[in-house]
Structures are given as C-alpha cells and as structure tokens.
Amino acid sequence: MPGSFEKVYKMGNPAYTDQEYTQIGDIAMKEETYPFIARPLPYEYDALIPVLDQETLSFHHDKHYKTYVDNLNNALADYPELQGMSLRELLININSLPAEIRTAVRNNGGGVYNHELYFDSMKSPMGQEPSGILAEAIDRDFGSYKQWKEQMKQAAVGKFGSGWAWLVTDKKGNLSIVQTANQDVPDLEELTPLLLVDVWEHAYYLQYQNRRADYVEGWFDLINWRKAGKRYEEVCAVPV
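The residue count restarts for each chain, going from 1 along the sequence in the order it is written. Only residues with pLDDT of at least 70 get local features here, since the model is predicted, and only at 80 or more are side-chain atom pairs given and counted; chain-wide, interface and lining totals rely on the full set of residues. Values reported for side chains reflect all heavy atoms of the structure, with hydrogen atoms and water molecules removed beforehand.

A. Layout of the pattern of salt bridges. Any Lys or Arg side-chain nitrogen located within 4 Å of an Asp or Glu carboxyl oxygen qualifies as a salt bridge. Within the structure shown, the criterion is met by nine salt bridges. D70 is paired through a salt bridge with K66; the nearest N and O atoms lie 2.9 Å apart. Pair noted here: D70 and K66 are both in helix α3 (residues 54-76), with a separation of four residues, about one helical turn. Remark: exposure states derive from per-residue accessible area (1.4 Å probe, protein chains only) relative to the maximum for the residue type, with buried under 20%, exposed over 50%, and partly exposed in between. Judged by relative accessible area, which is 37%, K66 ranks as partly exposed. Taking the shortest distance from any N to any O, the salt bridge between K230 and E234 comes out at 3.9 Å. Note that K230 and E234 are positioned in helix α10 (residues 225-236) at a spacing of four residues, about one turn of the helix. For helices the rule is a DSSP run of H or I covering at least 4 residues; for strands it is a run of E covering at least 2, with both sets numbered from the N terminus onward.

B. Summary view of the sheet that holds strand β3 (residues 191-198). In spatial order, the strands read β2-β1-β3; together these three strands make up an open sheet with antiparallel pairing. The open sheet has two free edges, formed respectively by β2 (175-181) and β3, since each of these has just one partner strand. Direction aside, neighbouring strands of the sheet carry axes that sit 30° apart on average. Two strands pair if DSSP finds at least two bridges between them. Bridge count for strand β1 (residues 163-170) against β2 is seven bridges, and the pairing is antiparallel. In the sheet register, G163 faces β2, and the bridge partner there is A181. Running over the sheet, helix α6 (residues 132-142) touches β1, β2 and β3 and is turned about 80° from β2. With axes taken as lines fitted to C-alpha atoms, and helix axes fitted only over the stretch in contact, angles between N-to-C directions fall between 0 and 180 degrees. Note on definitions: a residue-residue contact is assigned when non-hydrogen atoms from the two residues lie within 4.5 Å.

C. Region of interest: the packing of aromatic side chains. Only Phe, Tyr and Trp rings are paired, with Trp represented by its six-membered ring, and only when their centres lie within 6.5 Å; those with planes under 30 degrees apart are stacked, over 60 edge-to-face, the remainder tilted. Scanning the entire structure with this criterion turns up 10 aromatic pairs. Measuring from ring centre to ring centre gives 5.3 Å for W148 and W225, while their planes differ by 75°; the resulting arrangement is edge-to-face. With W148 in helix α7 (residues 145-157) and W225 in helix α10, this pair connects stretches of sequence that are 77 residues apart. Note on accessibility: W148 and W225 belong to one class, buried. Chaining the aromatic ring pairs together yields one cluster made of Y145, W148, W219, F220 and W225.

And the structure:
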C-alpha cells in the first residue's frame, strides 16, 4: 500500500485493485491536510458511458469539484492553526471553526468530501449488486436489494433542490438512507458513508437535462459494490 501523501494520489494506476483503490481513497479522505489537492479520477473520463458521458464527467470533476478544492484552500490560507486538520476533522468540528470562515469550510469542505466519495464509489457500468455481509445487511434493514433501490431512488429523486442521497452505517452496522442539502455531510462521528449519489444539476444536466430520475436509475449500474462492501466490513470489524 502507498505510504506517502504523493503516492496516495497516483490514482488510475492499473496495478491497483478495487480493494487498494478503496484503501487509497479512504486514506486520502482521512489524512489529507492543507493544501488540499484535487484527486484525479480512478478511471478514464469515458469509463462511465453510457450512464455518464465524457463531457458530463469531465465538466463535473475538472470544473465543479476542483473549484471546491480551490475555495477550501483559500478559506484556510490565513489560518495556520487549522491547516493540520484533516478534511474529516474540519467537518466534524465545523461549529468550532472561526465564524468568518465557517460557512466557506462547510460548503467547500463538504463539496470536496462529497465529490471525492462520489467519484470513488463508481465504476464502469456492469450491473454489479452487493454481496457478502453488506448484501445481508441490506436484506435485513431494507427487506431486499430491490426495496433498498426503491427507497434510495425515492430519496435521491425526491430531494428538493440540490443535495445528496447516502447509504450510511452506524457503528453497530445498522444501515440507513439519509439526505443532505447543498454540500452538507451526515454526522461523521456517528455514521460512516458507504456510497452516495449527487443530485446537484451539474452532476447530470448536460446529458439528462431535467430528467433526474433517469440519471439516478442509470447511476445504480455504476455503483462499485466491492468498495462499498469493503467500507462496511471495516466498520463491522471495529468493536463497539
């Protein structure tokens, strides 16, 4: 496994397995500190066709996501006492940050966190479904994969305005679906995100216009369930 900050960002190396990609992404999200760096995609820009075309994905990643990274760095530039904090630490302690940058860090730090997990939780469309203990937990907590999919789609399509729909787990392995508005994140002290779908219009409008439901339906085929399963296994392996 990469041990240095620089190596963590060599995404796209075909020598890395899905499991290694998951570990690399999780290390980056937990340990990266100022100045934050826009992480490259772990796949090519055309890898998610036909669900997401190259123009949509490149515009989303290179323009919107990178802007959040730049704005987060700008917000922290004059606060050296905060520059040693990881992204997760900044978001968990958002209410303790100086009032003059609190909103900027909430919006842009959340934008970075959410987009990195979103991009890292997708793969080429192959119709994969959950397996192992995550599949068992989905059946237990939602009734079936089909019922989870219906509830997840309802949360994503029904989110008013801009935001996200998440599959998260608590420390005991109980799954739930949550919505967040804008670039807000779930309670990261109590919940671990497993995957999420972006329902800001910039995530899909170039290709789908106002057809959010069609975009979300296609997104289910992009979920990298191996990565989500690995995240869930790591939570379940920690004694409560």
